[in-house]
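Here's the letter readout for the chains.
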Amino acid sequence: MINRAIDSLTAAAYFAAWRIVRWLPEKSAYRLFSSLADAIGRRNGKSVQRLRSNLQRVKPSLNKAELDALVLLGLRSYLRYWCDTFRFPDWSREKLMGTVDVTNEHLLMDAIRAGTGVIVALPHAGNWDHAGAYFCGKGVKIVTVAERLKPEVLFRKFLAYREAIGMEVLPLDGRVIATLAKRLRAGQLVALVADRDLSRTGITVNFFGGLARMPAGPAVLALNTEAPLITAYVSYTPGGIHIDFRETQIPITRSQSERVLSLVQQCADHFAQGIAAHPQDWHMLQRIWVDGDFTECTDA
């Protein structure tokens, strides 16, 4: 009963924010969320401690003051994502399409034009919904996967939000790989957030000098369908987002397990390059490394 009441309050808070933030002038809304990020940083809760630990892995040479400043920038970036999310339904097509800059866009669009389909693996960085909406606006059919959130009403809200953008969103279950393979063979784009998987099926990779686990799904799909696997790092610019695409190389002379490991490691290396360049936009407030923390913090 108590958990149900908490879930209801959580959903009500999100729905209220979704309405109120859309009513505010744009500059006022973003200033409000920046101030909220500062307040969250001062509280230094579990998620903030986890973000600090993760960023210290990324930038181990920073002193305490520099690390604190980076954590604050990270929280502001994370809250900017939420402000974007609440205001996104009111964006014009011109604003949507005119606020995106892309490096190596041909890696994605060439595969779509060739009808092979394409897999995009990306970390929790920047505003990936903005990136997806941009390519939906170019006529690309996108399918992605979502873990079920609690409460259910909030999960349905986010499902409707992404479907309104133009994405097909599949629930994460035992049948999803087969469905994604079918969509790839139909020439579609499969977008998968792929920088964290602490389950037993996660693949252990070297990541910023430590051991982390990341999902095998993008690699397995690429090997099973022969669709190209590329990575994307989405970072914020003053007026929008930048998307950096990089290609992976499919190994051909190894066992299946070795090929999967190679592809997942390539994705991890690409993510690391993007994170190192734009660490403030990596919204990882959860545990990712499996070999301990740099700072003392409680699991988020």
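Basis of the calculations
Residues numbered from 1 in each chain as written. Predicted model: local features only at pLDDT ≥ 70, side-chain atom pairs only at ≥ 80, totals over all residues. Heavy atoms only, no water. Axes fitted to C-alpha atoms, helices over the stretch in contact; angles between N-to-C directions. Helix = DSSP H or I, 4+ residues; strand = E, 2+ residues; numbered from the N terminus. Parallel < 35°, antiparallel > 145°, perpendicular 65-115°, else oblique. Left-handed = near helix turned anticlockwise from the far one by under 90°. Contact = heavy atoms within 4.5 Å. Nonpolar A, V, L, I, M, F, W, Y, C, P; charged D, E, K, R; others polar. Pairing = 2+ DSSP bridges. Buried < 20%, exposed > 50% of the residue type's maximum accessible area, 1.4 Å probe, protein only.

Mind showing me how you'd approach the packing of helix α9 (residues 176-185) against helix α10 (residues 217-225) here?
The packing of two helices is summarised by the inter-axis angle and the distance between the axes. The interhelical angle for the contact between α9 and α10, taken along N-to-C directions, is 50°, at an axis separation of 10 Å. Regarding the angle of α9 to α10, the classification is oblique. As α9 packs across α10, the resulting crossing turns out to be right-handed. Contacts between α9 and α10 involve I177, L180, A181, L184 and R185 from the former and G217, L221, N224 and T225 from the latter. When the residues that make up the contact of α9 with α10 are grouped by side-chain class, the tally is five nonpolar, three polar and one charged.

How should the sheet that holds strand β8 (residues 229-237) be read in this particular structure?
One key point about sheets: their strands pair by backbone hydrogen bonds, in either a parallel or an antiparallel sense. Spatially, seven strands are ordered β1-β9-β8-β2-β5-β3-β4 in an open sheet, and the strand pairing comes out mixed. One side of each edge strand has no neighbouring strand; the edge strands of this open sheet are β1 (100-103) and β4 (167-171). Across the sheet, the axes of successive neighbouring strands diverge by a mean angle of 25°, strand direction being ignored. In the sheet, β8 pairs with strand β9 (residues 240-247) via eight bridges, with the strands oriented antiparallel.

Would you explain the pairing of strand β3 (residues 142-146) in this entry?
Successive side chains on a regular strand alternate, one facing one side of the sheet and the next facing the other. Within β3, four of the five residues are buried, which leaves the element mostly enclosed by the surrounding structure. Note that β3 and β4 share five bridges and pair parallel. Bridged to I142 within β4 is M167. The pairing of β3 with strand β5 (residues 189-193) spans three bridges and is parallel. Among the inter-strand pairings, V143 is bridged to a residue of β5, identified as V190.

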